[in-house]
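Below, each chain spelled out in residue letters.
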Amino acid sequence: MPIITDIKTILTAPENVNLIIVKVETDQKGLYGLGCATFAYRELAVKSMIENYLKPLLLNRNVHKIEDLWHLMHNNGYWRNGGITNNAISGIDMALWDIKGKIAGLPVYELLGGKSREGIPFYQHVNGKSLSDIVSKVEALKKQNVKHIRIQWGLYGGISKNLNIPPNSEPGVYLSPTQYILDTINMFKHVREQCGDEIELIHDIHERLMPSETIYLAKQLEKYRLFYLEDPFPLEQGDWLEKLKAQSATPIAAGELFSNPSEWTSLIKNRYIDFIRVHISQIGGFTPARKLAIFAEQFNVRTAWHGPNDVSPVGHAANVHLSLNSHNFGILEWCGFSDIMYEIFPGMPYVKDGYIYTNDKPGFGIDINEELAKKYPIKTKVTKWTQTRLPDGTLVNP
Ligand code: MG
């Protein structure tokens, strides 16, 4: 049986997002696997977790025992389910699935039971500065056969106008919830009028509102038939979903900040959400994500894995392989990548005429050009976009 001989971290930022790729090497010549451990805003902590703690734990162990190794990594630090640890575990876990596929000579989706569909439907983002800007961007995506589109006027929390901020307030991103709610309702009305009823629309609240504000917005948006409304409440406030579901028919997606099964179990079994959309590396990788998808299937909750550009191409490949297999797949988030990413990560998933596809190579079918990746070093800096404040200066969830 092949054994683990080395575990390396590759940190690269070709699109100015800090990506963490893990490479697990074996004693068989040319046999290695790649995984995603991307926690874009705490990258050095994840790197340290892998190199100083998980690598010594796993060296010389059998690459085939993914399930056992996952639990070994999960329990070894005694305290568990934290974001740094989970991302570190994910990088190794995905790499082991990649290796298993390569040994079997099969794509990972075949190891899971094969394809449930040939192409993956996805949604793309439209962030507009004005209503006409939003409409023209939606129309451009429609021409590319994109059927699902997330629309935001401004980015999360909208665009601030004429805010009365007290003197000596702390620096940050200042936004008005009331302005955001009114603008968002207006945006949906305008987009439905201008772009038609058939396009599937998504919107992300990004935890920005108070619970009653969110319920009001979800009810107001019912008539615009959303595909889903995303992250209506902070993850710590999941109990509010029961109240929202009792009052609004707008479908709900949640979960990109989840890291602990206790955060999703009751939401799924009580059908308080329609879509589960965790960041797969944040929950510990492919092994727990596969279990989560199967659990959600029992309750007719569909998957919508988190997929912006702070998921690496290796992470996207994992998202695609799981989505090809899961019967209860719903949608994938896709932001598109520049040409340089396809050079650094040969074999990464691609879009063609409204669907995402992947190749049929063994494992996740993706590789990395390490020399090219080195030309785009990461930058470790203080994160600013998460410093979000109300007009009076109160810090709120980003
Ligand atoms: Mg989101």
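This is a predicted model, so every value here is computed, not measured.

S.K.: Sorry if this is basic, but what is going on with the pairing of strand 5 (residues 148-153) here?
M.R.: Side-chain positions along a regular strand alternate between the two faces of the sheet. Along strand 5, six of the six residues are buried, which leaves the element largely enclosed by surrounding structure. Residues His148, Arg150 and Gln152 point to one face of strand 5 and Ile149, Ile151 and Trp153 to the other, with burial holding for every one of them. With six bridges connecting them, strand 4 (residues 122-128) and strand 5 associate as parallel partners. The residue bridging tyrosine 123 from the neighbouring strand is histidine 148, located in strand 5.

S.K.: Could you clarify how one ought to interpret the sheet that holds strand 4 in this entry?
M.R.: Each strand in a sheet pairs with another by means of backbone hydrogen bonds, the pair being arranged parallel or else antiparallel. Here we have eight strands laid out as an open sheet, ordered 11-10-9-8-7-5-4-12, and parallel in their pairing. Among the strands making up the open sheet, the edge pair consists of strand 11 (302-303) and strand 12 (332-333).

S.K.: Can you help me understand the packing of aromatic side chains in this one?
M.R.: In this description, a pair of aromatic rings is defined by centroid distance and the angle of the planes. This structure, assessed with the given rule, holds 14 aromatic pairs. An angle of 65 degrees between the planes, with centres 5.9 Å apart, marks the rings of tyrosine 41 and tryptophan 385 as edge-to-face. One end of the pair, tyrosine 41, is in the loop between strand 3 (32-36) and helix 1 (43-58); the other, tryptophan 385, is in the loop between helix 13 (370-374) and strand 15 (388-389), and 344 residues separate them in sequence. Residue class for tryptophan 385 comes out partly exposed when judged on its relative accessible area of 37%. Where tyrosine 123 meets tyrosine 228, the ring centres are 6.0 Å apart and the plane angle is 85 degrees; that geometry is what we call edge-to-face. In this pair, tyrosine 123 is assigned in strand 4 and tyrosine 228 in strand 8 (residues 226-230), connecting sequence segments 105 residues apart. Judged by relative accessible area, which is 0%, tyrosine 228 ranks as buried. One aromatic cluster is present, built from ring pairs that chain together Tyr123, Phe227, Tyr228 and Phe275. In this arrangement the basic side chain of lysine 23 is found over the ring face of tyrosine 32, its NZ or CZ atom lying 4.3 Å from the centre.

S.K.: How do you make sense of the side chain of arginine 208 when you look at a structure like this?
M.R.: With respect to the element layout, arginine 208 can be found in the loop between strand 7 (200-204) and helix 7 (211-221). One polar contact links the side chain of arginine 208 to the main-chain carbonyl oxygen of asparagine 397, over a distance of 3.4 Å. A distance of 2.6 Å separates a polar atom in the side chain of arginine 208 from the backbone oxygen of proline 398. Apart from residues lying up to four places away in sequence, arginine 208 is in contact with Tyr156, Gly157, Leu175, Thr388, Asn397 and Pro398.

S.K.: Just checking my understanding: could you explain the environment of glutamate 333 for this structure?
M.R.: By secondary structure assignment, the location of glutamate 333 is in strand 12. Residue class for glutamate 333 comes out buried when judged on its relative accessible area of 2%. With 313 residues separating them along the chain, glutamate 333 and isoleucine 20 place their C-alpha atoms 20 Å apart. Discounting residues that sit within four places of it in the chain, glutamate 333 has contacts with Tyr123, His125, Arg150, Arg277, Trp305, His306, Gly307, Pro308 and His316. Side chain to side chain, glutamate 333 and histidine 125 meet in a polar contact 2.7 Å long. At 2.9 Å, the side chain of glutamate 333 and the side chain of arginine 277 are in polar contact.

The rules behind these values
Residues numbered from 1 in each chain as written. Predicted model: local features only at pLDDT ≥ 70, side-chain atom pairs only at ≥ 80, totals over all residues. Heavy atoms only, no water. Buried < 20%, exposed > 50% of the residue type's maximum accessible area, 1.4 Å probe, protein only. Helix = DSSP H or I, 4+ residues; strand = E, 2+ residues; numbered from the N terminus. Pairing = 2+ DSSP bridges. Phe/Tyr/Trp six-rings, centres within 6.5 Å; stacked < 30°, edge-to-face > 60°. Lys NZ or Arg CZ within 6 Å of the ring centre and 35° of its normal. Polar contact = N/O pair within 3.5 Å; in protein donor to acceptor, adjacent residues only side chain to side chain. Contact = heavy atoms within 4.5 Å.

Nothing here speaks to function; it is all geometry.
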